[in-house]
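So the chains spell out like this:
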Amino acid sequence: MITEFTEVKSILTRTSGFLNDVCSHSLQPYRGCPLGASLCGVGCYVQHNVYVTQGRAWGSFLEVRTNAVEAYRAAYERERSWAREKRGGFVIFLSSATEPFPHQEARHQITRSVLEAMCDLPPDGLIVQTHSHRVTDAIDSLKRLATKSALRVHVSIETDRERLPGLPPPASSLTRRFEAAAALKAAGLSTIITVSPLLPIEDPQQFFGRIALVADAVVLDHFIGGDGTPLGSRTLKTRLPRAMSAIDPRSVELSYRDEMAAIAERYLPGRVGVGPDGFAGHWLRTTNRTQ
Ligand code: SF4
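These numbers were taken from a predicted model, which means no experiment stands behind them.

Each value, and the rule that gives it
- Residues numbered from 1 in each chain as written.
- Predicted model: local features only at pLDDT ≥ 70, side-chain atom pairs only at ≥ 80, totals over all residues.
- Heavy atoms only, no water.
- pLDDT = per-residue confidence, 0-100.
- Contact = heavy atoms within 4.5 Å.
- 1 Å grid on protein atoms, 1.4 Å probe; cavity = no way out; pocket = protein on both sides within 12 Å on 5 of 7 lines; lining within 4 Å.
- Points joined across faces, edges and corners; volume = space filled by probe spheres on them.
- Helix = DSSP H or I, 4+ residues; strand = E, 2+ residues; numbered from the N terminus.
- Nonpolar A, V, L, I, M, F, W, Y, C, P; charged D, E, K, R; others polar.
- Phe/Tyr/Trp six-rings, centres within 6.5 Å; stacked < 30°, edge-to-face > 60°.
- Buried < 20%, exposed > 50% of the residue type's maximum accessible area, 1.4 Å probe, protein only.
- Lys NZ or Arg CZ within 6 Å of the ring centre and 35° of its normal.
- Pairing = 2+ DSSP bridges.
- Lys, Arg positive; Asp, Glu negative; His and termini not counted.
- Salt bridge = Lys/Arg side-chain N within 4 Å of Asp/Glu carboxyl O.
- Near = heavy atom within 4 Å.
- Sits in = over half its atoms within 2 Å of the grid points.

Quick look at the confidence of the model for the protein
Here is step 1 of the chain: Of all residues in the protein, 98% attain a pLDDT of 70 or more, and the chain-wide mean is 95.
Here is step 2 of the chain: Of the regions scoring below 50 in pLDDT, residues 286-291 engages in 15 contacts with residues more than four places distant in sequence or in other chains.

Focus: the layout of surface pockets
To find the voids left in a structure, one rolls a probe of water-molecule size over its atoms.
Here is step 1 of the chain: Roughly 780 Å³ of volume is contained in the largest pocket.
Here is step 2 of the chain: As for the largest pocket, its lining consists of 31 residues, of which Ser26, Gln28, Asn49, Ser96 and Ala97 are closest to the centre.
Here is step 3 of the chain: Taken together, the elements giving at least two residues each to the lining of the largest pocket come down to strand S2 (12-14), strand S4 (30-31), helix H2 (50-53) and strand S5 (61-65).
Here is step 4 of the chain: Here the lining of the largest pocket takes three residues from S2, the largest share from any one element.
Here is step 5 of the chain: For the lining of the largest pocket, the class distribution of residues is eleven nonpolar, 13 polar and seven charged.

Observations regarding the packing of aromatic side chains
Here is step 1 of the chain: This structure, assessed with the given rule, holds six aromatic pairs.
Here is step 2 of the chain: With a centroid separation of 5.8 Å and 65° between ring planes, the pair formed by Tyr76 and Phe90 is classed as edge-to-face. Of this pair, Tyr76 sits in helix H3 (residues 68-86) while Phe90 sits in the loop between H3 and strand S6 (91-94), and the two are 14 residues apart along the sequence. The same class applies to Tyr76 as to Phe90, namely buried.
Here is step 3 of the chain: Across the ring face of Trp82, the terminal group of Arg14 is positioned such that the distance to the ring centre comes to 4.1 Å.
Here is step 4 of the chain: One residue, Arg56, lies across the ring of Phe61, its end atom 3.7 Å from the ring centre.

A look at the sheet that holds S5
Here is step 1 of the chain: The strand order S1-S5-S4 describes an open sheet built from three strands, whose pairing is mixed. Looking at the sheet topology across the chains shown, the edges are occupied by strand S1 (2-6) and S4.
Here is step 2 of the chain: Bridging between S4 and S5 involves two bridges; their strand directions are antiparallel. Note that in S5 the partner of Tyr30 across the bridge is Val64.

Overview of the side chain of Asp221
Here is step 1 of the chain: Considering the arrangement of structural elements, one finds Asp221 in the loop between strand S10 (217-220) and helix H9 (223-226).
Here is step 2 of the chain: Although Asp221 is buried, it makes no salt bridge; Arg257 carries the closest opposite charge, 4.9 Å away.
Here is step 3 of the chain: The contacts of Asp221, once residues within four sequence positions are left out, are Phe18, Val195, Ser196, Pro197, Leu198, Gly226, Arg257, Gly275 and Phe279.

A closer look at the site of the ligand
Here is step 1 of the chain: Neighbouring residues of the ligand: Cys33, Leu35, Gly36, Cys40, Gly41, Cys44, Trp58, Ala97, Thr98, Glu99 and His131.
Here is step 2 of the chain: Mapping the ligand onto the cavity grids shows that it belongs to the largest cavity.
Here is step 3 of the chain: Its residues assigned to classes, the shell around the ligand shows six nonpolar, four polar and one charged.

Structure, rendered in structure tokens:
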């Protein structure tokens, strides 16, 4: 892992595409992702972005954005005004192209310092998206911020299998992510499990029952349509679909998502979201927005 320290001109990116209906901005405290060599990195769509990778192997580099707080403060008034006028609210997704809580965060504290800055200069809404149990290190900051901003924490748990044959293990074990979700919920934070991308589930009844104990809602997203392409063509370039198909051929079909969503609905009635609607906080049986 090569770690570099960089300064950015801008830390708030106005969203387009998949995130357009979810939030007004994304914020990446790092560029590159240490989780790129783990399970979630196999199908990660960011690895195809040559602007980000600049030819480097995904998971092999991390750029620490040392001036993230200063850049946030400098852009706050301008971007909030723009978002409120053009998007109906200043809602930030943290993060869409990196893990905000890699183990390096313990040393560099970029995400934590951005969250603290947001306590002074809060966005209207914040979605924290993580694959790591280390999100619990920031519970105090998140609790403070939740009093000032509509905050949701999304914890990704893509399957109930600890390992998928032929693929690397997740960076954060199932048990630790379930425990992290439970801790977030116990702290009073709006906690959503994102099953994204949906991988083959061994025991859907047990899986969604377990999620119902630790989360306020669940969002399912399939790589078809969920990787930024209508047919999942980015993911089809990776070894993920073959590994999924070897376990359960139905899992590479979009209908598998709907089948799993129907089961999830039994355990979290009115609290199941699908695709971008789900990421935006819209659930299948209600048009209410849960924040
Ligand atoms: S944590 Fe997110 S950005 Fe990093 S490899 Fe996994 S899916 Fe990609």
